[in-house]
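Each chain is listed here by its residues.
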Amino acid sequence: MYAFNELPQYLNALDPRDADTLSLRGADQVSRALSFRENAEPTALLALPSLAKKLHIGSLHVKDEGRRLGLGSFKALGGAYALIRLVLEEASRQLEREVPIEELFSEEVLSIAGGMTFACATDGNHGRSVAQGASVMGAASVIFIHSGVSQARADAIESFGARIVRVKGNYDDSIVEASRVAEQNGWTILSDMSWEGYEHIPSLVMQGYTAIVRESLATLDAPPTHVFLQAGVGGFAAAIAGHMNVVLGENRPHVTVVDPENAACLLASARAGRPVKLDHGRSTVMAMLECYEPSMVAFRVLSRVADVFMTVDDEAAKAAMRRLAAPLPGDSAIVSGESGAVGLAGLMSAIEDDEFAERIGLDPDARVLIINTEGATDPQLYEAIVGRSAQAVMESCNS
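Since we're looking at a predicted model, the values are computed, not measured.

**A short note on the overall build of the protein chain**
Alright, step 1. From N to C terminus, the protein chain includes 18 helices and 11 strands.
Alright, step 2. Relative to the globule expectation of 21 Å for 399 residues, the C-alpha radius of gyration of the protein chain, 20 Å, shows essentially globular dimensions.
Alright, step 3. Based on the C-alpha atoms only, the size of the protein chain along its principal axes is roughly 60 × 45 × 40 Å.
Alright, step 4. Excluding contacts between residues fewer than 6 apart, the proportion of contacts in the protein chain whose partners are at least 24 apart in sequence is 74%.
Alright, step 5. Per element, the accessible surface of the protein chain, about 15800 Å² overall, is 48% carbon and sulfur.
Alright, step 6. Taking the average location of the 33 positive side-chain charges in the protein chain and that of its 52 negative ones, the two points are 1 Å from each other.

**Quick look at the sheet that holds strand β5 (residues 140–146)**
Alright, step 1. The strand order β6-β5-β4-β7 describes an open sheet built from four strands, whose pairing is parallel. Both edges of this open sheet fall to β6 (163–167) and β7 (188–189), since each of them pairs with a single strand only.
Alright, step 2. Pairing of β5 with β6 involves five bridges; the strand directions are parallel. In the sheet register, F144 faces β6, and the bridge partner there is V165.
Alright, step 3. Helix α7 (residues 151–158) contacts β4 (117–122), β5 and β6 of the sheet and is inclined by roughly 150 degrees relative to β6.

**Let's talk about the sheet that holds strand β1 (residues 2–4)**
Whenever strands of a sheet pair, they do so through backbone hydrogen bonds, lying parallel or antiparallel.
Alright, step 1. Across the sheet, seven strands lie side by side as β1-β10-β9-β8-β11-β3-β2; this open sheet has mixed pairing. Both edges of this open sheet fall to β1 and β2 (45–47), since each of them pairs with a single strand only. For this sheet, the mean angle separating the axes of adjacent strands, direction not counted, is 20 degrees.
Alright, step 2. In terms of strand pairing, strand β9 (residues 254–260) meets strand β10 (residues 308–312) through five bridges, oriented parallel. Looking across to β10, one finds that T256 is bridged to V308.

**Describing the pattern of salt bridges**
Alright, step 1. Tallied over the entire structure, the rule returns 19 salt bridges.
Alright, step 2. Close ionic contact of D18 with R300 constitutes a salt bridge, the shortest N to O distance being 2.8 Å. Separated by 282 residues along the polypeptide, D18 in helix α1 (residues 16–19) and R300 in helix α13 (residues 296–305) bring together distant segments of the chain.
Alright, step 3. On the accessibility criterion, D18 (2% relative accessible area) is buried.
Alright, step 4. One continuous salt-bridge network, built from bridges that share partners, spans K63, E65, R68 and E215.

**Things to note about unusual backbone geometry**
Peptide bonds are trans in most cases, and residues, glycine excluded, mostly fall at negative phi.
Alright, step 1. Positive phi, normally seen in glycine, also occurs at L69, with a value near 50 degrees.
Alright, step 2. Of note, L69 is situated in the loop between β3 (59–64) and α4 (79–95).
Alright, step 3. Located in the positive-phi region is E96, a residue other than glycine, with phi close to 55 degrees.
Alright, step 4. One can find E96 in the loop between α4 and α5 (107–113).

**Looking at the packing of aromatic side chains**
Alright, step 1. Going through the model one piece at a time under the given rule, you end up with seven aromatic pairs.
Alright, step 2. Both rings, one in Y209 and one in F236, keep their centres 6.5 Å apart while their planes meet at 65 degrees; by these two values the pair is edge-to-face. Taken together, the residues span a long stretch of sequence, with Y209 in the loop between α9 (200–208) and α10 (210–219) and F236 in helix α11 (residues 235–248) at a distance of 27 residues. Each member of the pair, Y209 as well as F236, is classed as buried.
Alright, step 3. Ring pairs connect the aromatic residues Y2, F4 and F356, which therefore count as one cluster.
Alright, step 4. When the ring centre of F4 is taken as origin, the NZ or CZ atom of R359, which lies over that ring, is 3.5 Å away.

**A word on a nonpolar patch on the surface**
Alright, step 1. On the surface, L24, V246 and V247 cluster together into a nonpolar patch covering about 210 Å² of accessible area.
Alright, step 2. Mapped onto the secondary structure, L24 falls in helix α2 (residues 24–34).
Alright, step 3. The exposure class of L24 is partly exposed, given its relative accessible area of 47%.

**A word on the nonpolar core**
Alright, step 1. Within the largest apolar cluster, 93 residues are counted, with the highest numbers of intra-cluster contacts made by F118, F144, L190, L229, V257 and L302.
Alright, step 2. Beyond its immediate sequence surroundings of up to four residues, F144 is in contact with A119, C120, A121, T122, V165, V167, S174, E177, A178, V181 and W187.
Alright, step 3. V308, I334, F356 and I385 belong to the second largest nonpolar core, which has 46 residues in total.

**Quick look at helix α12 (residues 265–272)**
Alright, step 1. All of the buried residues in α12 are C265, L266, L267 and S269.
Alright, step 2. The inward-facing, buried residues of α12 abut β1, β9, α13 and β10.

**Some points on the pairing of strand β11 (residues 367–372)**
Alright, step 1. Across the six residues of β11, five count as buried, placing the element largely inside the fold.
Alright, step 2. Pairing of β3 with β11 involves six bridges; the strand directions are parallel. Residue pairing in the sheet places H61 in a bridge with L369 of β11.
Alright, step 3. Here strand β8 (residues 226–230) runs beside β11; their pairing, made up of three bridges, is parallel. Following the sheet pairing, V227 is matched in β11 by L369.

**A word on the environment of F105**
Alright, step 1. With respect to the secondary-structure elements, F105 resides in the loop between α4 and α5.
Alright, step 2. As for F105 and M137, which are separated by 32 residues in sequence, their C-alpha atoms are 7.7 Å apart.
Alright, step 3. Setting aside residues no more than four positions away along its own chain, F105 makes contact with F36, L110, V136 and M137.

Reading the values: the criteria
Residues numbered from 1 in each chain as written. Predicted model: local features only at pLDDT ≥ 70, side-chain atom pairs only at ≥ 80, totals over all residues. Heavy atoms only, no water. Helix = DSSP H or I, 4+ residues; strand = E, 2+ residues; numbered from the N terminus. Rg over C-alpha atoms; globule rule 2.2 N^0.38 Å. Contact = heavy atoms within 4.5 Å. Areas by Shrake-Rupley, 256 points an atom, 1.4 Å probe, with all protein chains shown as cover. Lys, Arg positive; Asp, Glu negative; His and termini not counted. Charge placed at Lys NZ, Arg CZ, Asp CG, Glu CD. Pairing = 2+ DSSP bridges. Axes fitted to C-alpha atoms, helices over the stretch in contact; angles between N-to-C directions. Salt bridge = Lys/Arg side-chain N within 4 Å of Asp/Glu carboxyl O. Buried < 20%, exposed > 50% of the residue type's maximum accessible area, 1.4 Å probe, protein only. Phe/Tyr/Trp six-rings, centres within 6.5 Å; stacked < 30°, edge-to-face > 60°. Lys NZ or Arg CZ within 6 Å of the ring centre and 35° of its normal. Patch = residues over 30% accessible without salt bridge, like charges linked within 9 Å, V, L, I, M, F, W, Y side chains within 5 Å. Core = buried A, V, L, I, M, F, W, Y, C linked by side-chain atoms within 4.5 Å.

Dropping the structure here:
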């Protein structure tokens, strides 16, 4: 269930290839890009004092990405941001001068964007972000989804004007097919998964997620002592942990990376000391995290800044969803999808193991931050798990 990464007390040793991506300068670029987006205000950071008391920790805060940029997921920060940066890079190449972001919606840049097609594979949220970014810029998008992606998620992607391509198999199969077709057609493959020779674009996706750290630290009275970060291919966890390492230095929080039990590619990689590809096994309800091979760049970062890798099962994820939807007195209700609540599932599972909790310092002085990475991106599944619709949960919170 656990793999400890025996790091020095402070390891300020991001690989040079990742240091600029997760730097303060990189976060500044994200902030500038967000200033050109609609609905770009920071997402809520919610305190859950009653749950913290129940778990015998000092404080618990949830960064709620369920309303990010109108998309319902933290991934709104990644794919769309990377697409904007890629449009500016292509405009700079064609116009033979550096094109600043202030010219993003100029006639010249929009004309260039209109001739570009972006493709990606997705479990749902990354594809929505790429499709949304393409729609904003007037570019085309082709989104490849595997057989396990629900029709509701496919419809949400298509609503941004994307062309949907269904692929037999799992997420990894859709990555292969998206790359093959994109290369044949001269499209830009915009993946959040990296591999040998393909690092620049996934690094831009990761860079977009640093906004979550900047907003959180600007709101908290004191930096967190612990963060629990859910992981699929690992880009999100790497971005949050890596940027916190840069910003906080020796005061960085203890980082626990949480995998689904049925798709624990990062846990397996941590144990092996190298990226490991797992065989496809039983599916997991944590659909956005059902990945069987880590991103090369993400694992490179996490191998240097994550302290523990752990797993949770489907029932733990469902229990965390229900806890957020039906909070203790004094806490806010939070609509969290089956992958969004996994950080909390990891925390609650860790607390149940006295020896593990003591080893990582989950005590009455601990200040824990988790990120709700998505809202009810599959409304029917959410209602089946929680027993109420997302709308009903929010109405109960406001009443």
